[in-house]
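Coordinates in review
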Amino acid sequence: MEIGVLRRDGRTDPFFDGTASDRLVIKRCEACDRWFAPDAAGCPECGEEDLGWAQASGAATLVTWTVLPKDPPAFLALVELAEGPWLHARLDGAARADLREGLPLGVAFEHPDEGESYILFRPWTE
Amino acid sequence: MGTSRGTSIAGLGMTELGRVYGRSPRRLAADAVRLAAADAGLALGDLDGLLVSHGMGGSPGIELAGTLGLRDLRLLSQVNAFGATAGAMVSYAASAVLSGTATTVACVFADAPLKPKQSAGSAYNRDAREWYGFGGMTAALGLRSVNSYYALAAQRHMARYGTTSEQLGAIAVATREWASRNPLAQMRDPITLADHQNSRWVSEPLHLLDCCLVSNGAIAVIVTSDDRARDLARPPVHLWGWGQGHPGHRKERGSEFGLTTGAASSGATAMKMAGITPSDVDVCELYDCYTYTVLVSLEDYGFCAKGEGGAFAASGALGPGGSLPTNTGGGQLSAYYMWGMTPLSEAVIQARGDGGERQAPSSDVILVSGNGGILDHHSTLIVSPHRKGA
Ligand SMILES: [Zn+2]
């Protein structure tokens, strides 16, 4: 499906700095030792609104999924990062038969000609 | 016992619903309030409270009071709990009446997301050439529609409990069977399980026939004391109990997203206030933005065990002749999409015995649900044609 062009919004720039250099950078509250999605508005534990950024491992597992009837079908998912947060994400290289709760995934980085780099998650194969 | 302290719905007003063009949401809302007051045998000047629901397509705010020329109101607010708003408004209205804050409160929802020559789906979809930030990335990659978020929830339930698409289809079929008996319903042609299975994928595991309609229109109800309602034009629909549930599922490890909803706590609160258990409920009017929402609500309310909603639906319990008539007007799947006012309006109709061909055999205790966000917000009402405890 047509993705269009991704632009920065000024609030999640460290995430896109990360994707440009193949790193998954997400939000983190050092005080609470908790990780959050890149667009988290703050830490619900301590109230900190100015969360820091830190590099996540890129390892994840599949929580749940949906398939859009495109050509080819688009596999969309909720994934659980090893650090705990869930991200809405797109899967790449997945077949319907693979899909199950807990399927190991790894982050992959895409660098389009125009616009920001973005992430996909692929079934993890050692 | 002295004077009874109960509240009732005394009036119901419904505009034309569906592809209704040429009237703004504000005009539709005003029309619905006028119709509800007239239904109750009240003049607009008898209202001393007005609660207005948030909506999507330019729904009115509290300026609606001015549109209606209402004066000397003692209660006026806009309420927003998304699809749980109707139940929340009625509970706030009832609480205001019980406390003496106001005596006669109109609660109204209006929306007009449909535009002429536009598909129903596009009214709630996003599309763009350029996308901004992390949220924009998610949308660009394909998560652009509420349908997909509910599909994620439904798929999680299916993976965890073995719920099947055919079981979801049983809800669509039963709901349409009710709708075929409702002259107000937008979709009245009966469907089969095969029709459901053959309907196009919207976002797997949801077929088109798992998804609600989109409608323009407005619905209002009037809440007042039992004692006042008794003297009005229509038989009172007594409010036995209410509750809300906002589970606050975080998107992180351990979340119950898709598995349990706010129906669990909302229902427990409402049923405790009403002094009933699920086995006392004759009819359910459940918020059915999707077939899956009905299934998971039935579980969370305790009509069946967790994970058994699919088998319960497939048993035929929900349709005409079933043990738990559910969404007897055709719900939002087949009748009309007025958020929480869809189940509430049908509950009033059933409690009054006005269901005609679709009247449930017994309607002494009716449970009404509302669901908002992506299963983030829930409200419950228990209503009855009888006074509580009578
Ligand atoms: Zn913190």
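Everything that follows concerns the structure shown earlier in this document.
Now for a quick tour of the structure. Nothing here was measured: the structure is a model prediction, and the numbers come from that model. (Residues numbered from 1 in each chain as written. Chains lettered and ligands numbered in written order. Predicted model: local features only at pLDDT ≥ 70, side-chain atom pairs only at ≥ 80, totals over all residues. Heavy atoms only, no water.)

1. Regarding the overall build of chain A
Check the secondary structure of chain A and you find one helix and nine strands. Secondary structure of chain A in N-to-C order comes out as β-α-β-β-β-β-β-β-β-β. Computed over its C-alpha atoms, the radius of gyration of chain A comes to 15 Å, within 12% of the 14 Å expected for a compact globule of 126 residues. For chain A, with 126 residues in total, the buried portion stands at 50%. Long-range pairs, those at least 24 residues apart, make up 46% of the contacts in chain A between residues at least 6 apart in sequence. (Helix = DSSP H or I, 4+ residues; strand = E, 2+ residues; numbered from the N terminus. Rg over C-alpha atoms; globule rule 2.2 N^0.38 Å. Buried < 20%, exposed > 50% of the residue type's maximum accessible area, 1.4 Å probe, protein only. Contact = heavy atoms within 4.5 Å.)

2. Topic: the sheet that holds strand β7 (residues 86-90) of chain A
Taking strand neighbours across the sheet as the criterion, the five strands line up as β7-β6-β5-β8-β9 (chain A) in an open arrangement whose pairing is antiparallel. Of all strands in the sheet, those with a lone pairing partner are β7 and β9 (118-123) of chain A, marking the two edges. Neighbouring strand axes in the sheet, compared pairwise and without regard to direction, differ in orientation by 40 degrees on average. With six bridges connecting them, strand β8 (residues 104-110) of chain A and β9 of chain A associate as antiparallel partners. Across the sheet, residue Leu105 of chain A finds its bridge partner in β9 of chain A, namely Pro123 of chain A. Along the sheet, helix α5 (residues 146-161) of chain B makes contact with β5 (59-68), β6 (74-81) and β7 of chain A, crossing β5 of chain A at roughly 115 degrees. (Pairing = 2+ DSSP bridges. Axes fitted to C-alpha atoms, helices over the stretch in contact; angles between N-to-C directions.)

3. Regarding the packing of aromatic side chains
Across all of its chains, the model carries five aromatic pairs over all chains by this definition. Every member of this aromatic cluster is reached through a ring pair, and the members are Phe15 and Phe16 of chain A together with Phe134 of chain B. Between the NZ or CZ atom of Lys251 of chain B and the centre of the ring of Phe257 of chain B, over which it lies, the distance is 4.7 Å. (Phe/Tyr/Trp six-rings, centres within 6.5 Å; stacked < 30°, edge-to-face > 60°. Lys NZ or Arg CZ within 6 Å of the ring centre and 35° of its normal.)

4. Considerations on the interface of chain B and chain A
Facing 33 residues of chain B, the contacting portion of chain A comprises 43 residues. Both sides of the chain B and chain A interface together cover about 3,300 Å² of buried area, and 58% of this is carbon and sulfur. The largest per-residue losses of area from chain B upon contact with chain A belong to Phe134, Leu141 and Arg253 of chain B, which jointly make up 23% of the total buried on that side. The tally of links between chain B and chain A comes to seven salt bridges. Here Arg253 of chain B ties to Glu80 of chain A by a salt bridge, and the two come within 2.7 Å at their closest N and O atoms. Those elements that provide at least two residues to the side of chain B that touches chain A are β5 (130-132), α4 (133-140), α5 and β6 (201-203) of chain B. (Buried area = accessible area lost by both parts, 1.4 Å probe. Salt bridge = Lys/Arg side-chain N within 4 Å of Asp/Glu carboxyl O.)

5. A short note on the state of the cysteines
Tallying each qualifying case throughout the model produces zero disulfides over all chains. The thiol sulfur of Cys212 of chain B is not disulfide-bonded, and the nearest other cysteine sulfur, from Cys289 of chain B, lies at 6.2 Å. (Disulfide = S-S within 2.5 Å.)

6. What to know about the pattern of salt bridges
Counting across every chain of the model gives 32 salt bridges over all chains. Where salt bridges share partners, they join Glu16, Arg23, Arg27, Asp31 and Arg34 of chain B into one cluster.

7. Digging into the environment of Gly267 of chain B
Residue and element names in this part refer to chain B. Topologically, Gly267 is positioned in helix α9 (residues 263-274). Its relative accessible area of 0% is what places Gly267 among the buried residues. Each C-alpha atom, one on Gly267 and one on Leu70, is 34 Å from the other, the two residues being 197 residues apart in sequence. Beyond its immediate stretch of four places on either side in the chain, Gly267 contacts Tyr301 and Thr380.

8. Section: empty space enclosed by the protein
It is the rolling of a water-molecule-sized probe over the atoms that shows where space remains empty. All names here are of chain B. In the structure shown here, the tally under the stated rule is three cavities of 30 Å³ or more. Considering the residues around the largest cavity, the lining is formed by Asn182, Glu285, Asn327, Gly329, Gly331, Ala335, Tyr336, Thr342, Pro343 and Glu346. Considering each element in turn, the lining of the largest cavity owes the most residues, three residues, to helix α13 (residues 341-351). A class-by-class count of the residues in the lining of the largest cavity yields three nonpolar, five polar and two charged. Counted as a void, the second largest cavity has a volume near 40 Å³. (1 Å grid on protein atoms, 1.4 Å probe; cavity = no way out; pocket = protein on both sides within 12 Å on 5 of 7 lines; lining within 4 Å. Points joined across faces, edges and corners; volume = space filled by probe spheres on them. Nonpolar A, V, L, I, M, F, W, Y, C, P; charged D, E, K, R; others polar.)

9. Quick notes on the layout of surface pockets
A volume near 480 Å³ is recorded for the second largest pocket. Residue lining of the second largest pocket: 20 residues in total, with Ala37, Asp39, Ala40 and Ala41 of chain A together with Lys251 of chain B positioned closest to the centre. Residue assignment for the lining of the second largest pocket shows that the elements contributing at least two residues are β3 (34-36) and β7 of chain A together with α4 of chain B. The residue inventory of the lining of the second largest pocket, partitioned by class, reads twelve nonpolar, four polar and four charged.

10. Considerations on the coordination of the zinc ion
Residue and element names in this part refer to chain A. Protein-derived coordination of the zinc ion comes from Cys29 (SG), Cys32 (SG), Cys43 (SG) and Cys46 (SG), at a distance range of 2.3 Å. Metal-centred angles of 100 to 115 degrees between the four donor atoms at the zinc ion mark the site as tetrahedral. Expressed as a motif, the donor residue spacing for the zinc ion is C-x2-C-x10-C-x2-C. Residue Cys32 is located in the loop between β2 (25-29) and β3, and its partner Cys43 is located in the loop between β3 and β4 (52-55); the two are separated by eleven residues in the primary sequence. (Donors = N, O, S within 2.8 Å, 3.2 Å for Na, K, Ca; no water. Tetrahedral: all angles 85-135°; square planar, octahedral: opposite > 155°, others 65-115°.)

11. Digging into the side chain of Thr328 of chain B
All names here are of chain B. One can find Thr328 in the loop between α11 (309-314) and α12 (331-335). Thr328 sits in the buried class, given a relative accessible area of 0%. One polar contact links Thr328 to Glu346, side chain to side chain, over a distance of 2.8 Å. Side chain to side chain, Thr328 and Gln350 meet in a polar contact 3.2 Å long. Setting aside residues no more than four positions away along its own chain, Thr328 makes contact with Trp178, Val283, Glu285, Glu346, Gln350 and Arg358. (Polar contact = N/O pair within 3.5 Å; in protein donor to acceptor, adjacent residues only side chain to side chain.)

12. Some words on the environment of Thr260 of chain B
Looking at where Thr260 of chain B falls in the secondary structure, it is placed in the loop between β9 (237-245) and α9. In this structure, the C-alpha to C-alpha distance between Thr260 of chain B and Leu375 of chain B, residues 115 residues apart in sequence, is 8.9 Å.

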